[in-house]
Amino acid sequence: MDEAFRALGDSTRRAMLVALESGPQTISALAAPHAMTLAGASKHVAVLERAGLVHRQRQGRTHLISLDPDPLAAAHAWLSRYQRFWEARLDALEAALQELPAGKGKDR
């Protein structure tokens, strides 16, 4: 999960993952929207590979990259704990505000 969060920490890599949602892409296709070299794109893909978020398939000189969303499930589960935490806090705040007498807590 640490590697997945490291990989997701970069906006270019997140954009590459979004592009891969529509299906496998070449390194060239992943690089194009970012005006970067193939070497630069390949480095980003390598980070995504280490995190297990993508798989690379070589077809001759072409490298086809495909999405593997499984590692994101663990990250989602971990983040969901905090979603529940904040929802409970906001529910408690809403309940406390509803207990205030009418007119209290409003700007004057």
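Predicted model only: the values in this text are computed from it and were never measured.

What counts, and where the lines are drawn
- Residues numbered from 1 in each chain as written.
- Predicted model: local features only at pLDDT ≥ 70, side-chain atom pairs only at ≥ 80, totals over all residues.
- Heavy atoms only, no water.
- Pairing = 2+ DSSP bridges.
- Helix = DSSP H or I, 4+ residues; strand = E, 2+ residues; numbered from the N terminus.
- Contact = heavy atoms within 4.5 Å.
- Axes fitted to C-alpha atoms, helices over the stretch in contact; angles between N-to-C directions.

Trainee: It is not clear to me how the sheet that holds strand β3 (residues 62-67) should be interpreted in this structure. Could you clarify?
Mentor: Taken together, 3 strands build an open sheet; the order of strands is β1-β3-β2 and the sheet is antiparallel. Of all the strands in the sheet, just β1 (25-26) and β2 (54-59) have a single pairing partner and so form its edges. Note: β1 against β3, 2 bridges, orientation antiparallel. Note that in β3 the partner of Gln-25 across the bridge is Ile-65. Relative to β3, helix α2 (residues 11-20) is tilted by about 85°, and along the sheet it contacts β1, β2 and β3. Each of β2 and β3 touches helix α4 (residues 38-50); the most contacted strand, β2, lies at about 125° to it.

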